Amino acid sequence: MTSCSPLKNNTSNNNEKLDIVTFNKGVTIFEIIDELSIDWELKRLDTLKQNEKVKYDFLKNEKEEILELALDQFRKVIQDYPNSELYHKALYNLAHISSLLNYEEDEIKYLEMILNGNANDRENSGRSGIMDNLYANFKNEASKRLTEIYIKKRDYKTALAYKKLNEKYPLQHFCGNAFAADEIYNAKLYAKIYDGIGENKKALNYLLPHIFDNGLANNSGLIALTIELLKKNFDQSLIKKNFEKSINEVYSKIKKDGKDELTNYFIKYFDIEIGVPSWTLNFESDSDKIKSKLEKSIRESEFYKMLNK
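To start, this report covers the structure provided alongside it. Bear in mind the structure is a predicted one, so any value in this text is a computation, not a measurement.

### Quick word on the side chain of Asn186
Its location among the elements puts Asn186 in helix H8 (residues 176-197). The exposure class of Asn186 is buried, given its relative accessible area of 15%. Among all residues touching Asn186, those that are not within four sequence positions of it are Lys144, Lys163 and Asn166.

The following block contains the structure:
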């Protein structure tokens with residue numbers, strides 16, 4: 001989660017505009033952390049050295065004090081201006097800052113207030129960067145974050161309930177890459193939940209279809225998790241043997257797209273169907289050459305290389 005910035009309030013009531021002033025104070029205070037490069041300093045300091053440890057502790061305390069001041073302003077917005085257009089942005093920022101301060105109970109409270117309210121995920125986020133998401137995604141991100149929290153707490157039943165709820169609030173975005181990254185992220189969340197429950201096959205069902213690079217989003221974390229779960233549940237020689245067998249048994253399916261017919265390629269690994277990227281074929285029609293090129297692309301994939309380390 002990243003903090004929301006304010007928008008201009010359309011109301012003409014001067015008293016109502018106090019919500020904007022209060023919210024902006026919170027944003028300004030929060031942004032001091034970036035302006036002073038506190039996070040950058042904290043990352044570069046070596047806490048094993050006494051003089052740097054002293055500086056680290058000082059900056060950490062300073063950051064926490066700044067965050068507390070920002071919290072005060074956003075709390076004031078939701079307490080004093082419950083009808084403000086900035087109400088849900090204030091809740092969102094309260095959850096985000098509570099997370100930074102490790103106030104888990106407060107974070108959960110604010111996230112649930114978002115889910116139980118009338119927040120609109122398509123509301124403008126107020127973020128202004130070129131690739132920043134224009135949509136706030138209040139409920140989408142709140143339900144995801146709660147899923148993460150309960151996975152960490154190993155309360156997989158509650159985590160699954162929040163992940164199922166998350167499906168009611170799909171990501172709002174303008175970029176195909178973001179949707180691809182979200183699909184990978186969601187697969188990892190489900191896999192962690194089902195692994196925690198002890199349902200290995202379900203976990204792999206979510207992960208394995210995404211092990212090949214789709215050219216839109218980085219899947220390195222998903223690959224690492226997939227290999228971790230494979231090694232946790234199967235003998236390593238079987239893992240490699242089955243994958244080699246899968247490579248040698250690439251098959252195709254024809255899919256109709258209007259008047260066109262598209263040929264897609266797949267392998268089956270532990271009885272799970274996995275699509276094989278075919279952009280390397282370049283309209284190749286010779287079946288032997290197609291098979292050879294697909295096998296080559298699989299062996300050059302990050303998954304194959306990590307599997308055979």
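### Regarding unusual backbone geometry
Of note in the backbone geometry, Ser37 takes a positive phi value of approximately 55° without being a glycine. Tracing the backbone shows Ser37 in the loop between helix H1 (18-35) and helix H2 (38-44). In this structure Ser37 comes out as partly exposed when scored by relative accessible area, which is 33%. The residue Phe270 is not glycine, and still its phi comes out positive at about 50°. Take Phe270: it is sitting in the loop between strand E2 (260-269) and strand E3 (272-276).

### Focus on the layout of surface pockets
Taken as a whole, the second largest pocket encloses approximately 270 Å³ of empty space. Lining the second largest pocket are 16 residues; nearest its centre among them are Pro209, Asn214, Gly275, Val276 and Pro277. Where the lining of the second largest pocket is concerned, the elements lending two or more residues are E2 and E3. Among the elements that line the lining of the second largest pocket, the one with the most residues is E2, at three residues.

### Some remarks on the pattern of salt bridges
For the structure on display, the rule yields 19 salt bridges. Across the salt bridge formed by Arg145 and Glu107, the nearest N and O atoms sit 2.6 Å from each other. With Arg145 in helix H6 (residues 138-152) and Glu107 in helix H5 (residues 104-116), this pair connects stretches of sequence that are 38 residues apart. Of the residues examined, Arg145 reaches a relative accessible area of 22% and is grouped as partly exposed. In this structure, Glu300 and Lys296 form a salt bridge, with 3.6 Å as the shortest nitrogen-oxygen distance. Accessibility expressed as a relative area gives 46% for Glu300, which makes it partly exposed. Three or more residues joined by partner-sharing salt bridges are found here, namely Glu41, Arg44 and Lys55.

Cut-offs applied
Residues numbered from 1 in each chain as written. Predicted model: local features only at pLDDT ≥ 70, side-chain atom pairs only at ≥ 80, totals over all residues. Heavy atoms only, no water. Helix = DSSP H or I, 4+ residues; strand = E, 2+ residues; numbered from the N terminus. Buried < 20%, exposed > 50% of the residue type's maximum accessible area, 1.4 Å probe, protein only. Contact = heavy atoms within 4.5 Å. 1 Å grid on protein atoms, 1.4 Å probe; cavity = no way out; pocket = protein on both sides within 12 Å on 5 of 7 lines; lining within 4 Å. Points joined across faces, edges and corners; volume = space filled by probe spheres on them. Salt bridge = Lys/Arg side-chain N within 4 Å of Asp/Glu carboxyl O.

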